[in-house]
Amino acid sequence: MEENILTTVGDLAQSLDTVWVLLGAMLVFWMQPGFALVESGFTRSKNSANILMKNFVDFSIGSLLYWIIGFGIMFGAGNGFFGEIDLFGVAGWEGDIPTSAFLVFQTMFAATAATIVSGAMAERTKFHVYACYSIIICIFIYPISGHWGWSSTGWLAGLGFHDFAGSTLVHAVGGFLACAGAWILGPRTGKYTKEGKVKAIPGHNLTIAALGVFILWLGWFGFNPGSTLAASGEAKTAISGIFLTTNLSAAAGAVAAIITSYFLYKKPSLSLMLNGVLAGLVGITAGCDIVSPSGAAVIGLLSGAVMVLSVSLFDRIFKIDDPVGAISVHGVCGILGTLLVGLFATDGGLFYGGGFSMLGIQALGTFTVSVWALVTGFILFKVLDLTLGLRVSKRVEEEGLDIYEHGETTYN
């Protein structure tokens, strides 16, 4: 009788954990329309259909290819650098929840990494070429670096690298791939004068961009708390804490962006504030499970402020045209947030008496993964540019990708 009761309780706990992970997957999926609205709102109306279609293609291609090969490379036993290729299989992954639930949850993350790239390369990239590089990201670039940090056999995981939900392994990978792509692609026509001065190209609808950020904020409550992969027993405390740290960092990022933009430009910028929310969310994703609420607020403040400065740096100094600020939000703040774990982790962080060991491991991980993304991204986009051509013609760019690439417009 007692054994039957224990079995029933165990089954209920596993069922609860499984439902929680699948609910988290639904929330992360909900981030896809968030990204689509942010990217569309920050760009011009003549390219909206192209942008919306790219976000659907990201998720559709990513779901199929990550299932076919990406998951095995990322979570298969393999070795410290490369997982096991197990076509249509699960490469021996084992956990307390069904493998299919974990596969679905991780598929959402793979799609997120791919969709980050589209924002930085918006308004001048050929659609079919975009589909090509999304394939390579989902089956090769993202799974390999993900294996390093999240697989039980990964070399970074073995060192103790901590990136709970992917500040570096998801967001920085997407951000630095975006940087390589935007760099090779070149700026949009009219972005810079002959003298090299910046000419702002306003987005067509900040209202839908704001809605997109609210959707992303909500989705992040699946992204971070869902990464516990459990809701029963002790996990209920962890989930509650992660909800709190995630929200505090997002709010602090918004406040920091408002203050920083006011200081630099004498007016509080809505677009920078929206990216400030996202910067805070990206920044806290690595350490949301092991930092205190006050530490989360500081991470959000730093991420929001650094994001504003980074956007200006890439725009004015490096002359890399990023219409949505993806490089700064995901790349720069992803790296920053992961490094700050080495300072603010309540167990092992420098500010909590843990010394420099954890900070050093975090620095090694962020450096290695960002270089991997930047170098592989540069090779990928350069090859595509030389073979298929990345950029649409000047006429297509000026008149809009919607009509020429898709034969339809979003607004009629």
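Residues numbered from 1 in each chain as written. Predicted model: local features only at pLDDT ≥ 70, side-chain atom pairs only at ≥ 80, totals over all residues. Heavy atoms only, no water.

Novice: Account for the overall build of the chain, naming residues and giving values.
Specialist: The number of helices and strands found in the chain is 15 helices and zero strands. Relative to the 2.2 N^0.38 estimate, which gives 22 Å for 412 residues, the radius of gyration of the chain is 21 Å and therefore close to what a compact globule would have. Along the longest, intermediate and shortest principal axes, the C-alpha atoms of the chain span 80 × 45 × 40 Å. Taking all 412 residues of the chain together, 57% fall into the buried category. Pairs at least 24 residues apart make up 77% of the contacts formed inside the chain by residues separated by at least 6 positions. Accessible surface computed for the chain: about 16,500 Å², of which carbon and sulfur atoms make up 69%. Here the chain carries 19 positive and 26 negative side-chain charges, and the mean point of each set is 23 Å from the other. (Helix = DSSP H or I, 4+ residues; strand = E, 2+ residues; numbered from the N terminus. Rg over C-alpha atoms; globule rule 2.2 N^0.38 Å. Buried < 20%, exposed > 50% of the residue type's maximum accessible area, 1.4 Å probe, protein only. Contact = heavy atoms within 4.5 Å. Areas by Shrake-Rupley, 256 points an atom, 1.4 Å probe, with all protein chains shown as cover. Lys, Arg positive; Asp, Glu negative; His and termini not counted. Charge placed at Lys NZ, Arg CZ, Asp CG, Glu CD.)

Novice: So what's going on with the packing of helix H7 (residues 167-185) against helix H12 (residues 326-344)? Which residues, and what values?
Specialist: How two helices pack is summed up by the angle between their axes together with the distance between the axes. The N-to-C vectors of H7 and H12 enclose an angle of 140°; their axes lie 7 Å apart at closest approach. One element, H7, and the other, H12, form an angle in the oblique class. In the crossing of H7 with H12, the sense of the turn from one axis to the other is left-handed. Counted together, Ser-167, Thr-168, His-171, Ala-172, Gly-175, Phe-176, Ala-178, Cys-179 and Ala-182 of H7 and Ala-326, Ile-327, His-330, Gly-331, Gly-334, Ile-335 and Thr-338 of H12 form the full contact between these two elements. (Axes fitted to C-alpha atoms, helices over the stretch in contact; angles between N-to-C directions. Parallel < 35°, antiparallel > 145°, perpendicular 65-115°, else oblique. Left-handed = near helix turned anticlockwise from the far one by under 90°.)

Novice: So what's going on with the packing of aromatic side chains? Which residues, and what values?
Specialist: Scanning the model with the defined rule gives 20 aromatic pairs in all. On the numbers, 5.9 Å between centres and 70° between planes, the contact of Phe-71 with Phe-102 is edge-to-face. Separated by 31 residues along the polypeptide, Phe-71 in helix H3 (residues 48-75) and Phe-102 in helix H4 (residues 99-120) bring together distant segments of the chain. Given the relative accessible area of 4%, Phe-102 is considered buried. Aromatic ring contacts, followed pair by pair, group Tyr-66, Phe-71, Phe-75, Phe-102 and Tyr-142 into a single cluster. Geometry around Tyr-130 places Lys-54 over its ring, the cationic atom sitting 5.0 Å from the centre. (Phe/Tyr/Trp six-rings, centres within 6.5 Å; stacked < 30°, edge-to-face > 60°. Lys NZ or Arg CZ within 6 Å of the ring centre and 35° of its normal.)

Novice: I'd like a description of helix H11 (residues 293-317), backed by residues and values.
Specialist: Here H11 contains 25 residues, and its C-alpha end-to-end distance of 35 Å stays within 8% of the 36 Å for a straight helix at 1.5 Å per residue. By the burial criterion, the buried members of H11 are Gly-295, Ala-296, Ile-299, Gly-300, Ser-303, Gly-304, Met-307, Val-308, Ser-310, Ser-312, Phe-314 and Asp-315. Buried positions along H11 lie against H7, helix H9 (235-265), helix H10 (270-284) and H12. The positive-phi residue at the C-terminal boundary of H11 is Lys-319, with phi of around 60°. (Expected span 1.5 Å × (residues − 1).)

Novice: Describe the pattern of salt bridges, with residues and values.
Specialist: Applying the stated rule across the entire model yields six salt bridges. As a salt-bridge pair, Arg-188 and Glu-123 come within 2.5 Å of each other at their nearest N and O atoms. Taken as a pair, Arg-188 in the loop between H7 and helix H8 (206-223) and Glu-123 in the loop between H4 and helix H5 (127-150) lie far apart in primary sequence, 65 residues in all. Here Arg-395 and Glu-399 are joined by a salt bridge, their closest N and O atoms 3.3 Å apart. With Arg-395 and Glu-399 both in helix H14 (residues 394-399) and four residues apart, the pair spans about one turn of that helix. Residue class for Glu-399 comes out partly exposed when judged on its relative accessible area of 46%. Overlapping salt bridges, with partners in common, bring together Arg-44, Glu-123, Arg-188 and Asp-321 in one network. (Salt bridge = Lys/Arg side-chain N within 4 Å of Asp/Glu carboxyl O.)

Novice: Can you break down the side chain of Asn-55 residue by residue, with the values?
Specialist: With respect to the helices and strands, the residue Asn-55 is situated in helix H3. Judged by relative accessible area, Asn-55 falls into the buried class, the value being 4%. When residues no more than four places from it in sequence are discounted, the contact partners of Asn-55 are Gln-32, Phe-35, Ala-36, Glu-39, Thr-115 and Ser-118.

Novice: Let's hear about the packing of H11 against H12: which residues, and what values?
Specialist: Packing of H11 against H12 brings their axes to within 9 Å, and their N-to-C directions diverge by 145°. With respect to the hand of their crossing, H11 and H12 are arranged in right-handed fashion. Listed contacts from H12 to Gly-295, Val-298, Ile-299, Leu-302, Ser-303, Val-306, Met-307, Ser-310, Val-311 and Phe-314 of H11 are Ile-327, Ser-328, Val-329, Val-332, Cys-333, Leu-336, Leu-340 and Phe-344. Classifying every residue of the contact of H11 with H12 gives 14 nonpolar, four polar and no charged. (Nonpolar A, V, L, I, M, F, W, Y, C, P; charged D, E, K, R; others polar.)

Novice: Tell me about the nonpolar core, and please be specific about residues and values.
Specialist: Within the largest apolar cluster, 101 residues are counted, with the highest numbers of intra-cluster contacts made by Tyr-133 and Tyr-142. Element by element, the count of residues in this core is highest for H4, at 13 residues. With residues up to four places along the chain from it excluded, the contact list for Tyr-133 reads Val-117, Ser-118, Met-121, Thr-125, Leu-380, Phe-381 and Leu-384. Ranked by size, the runner-up nonpolar core spans five residues in total, among them Ala-286, Ile-290, Val-341 and Ala-345. (Core = buried A, V, L, I, M, F, W, Y, C linked by side-chain atoms within 4.5 Å.)

Note that all results are geometric; they support no functional claim without further evidence.
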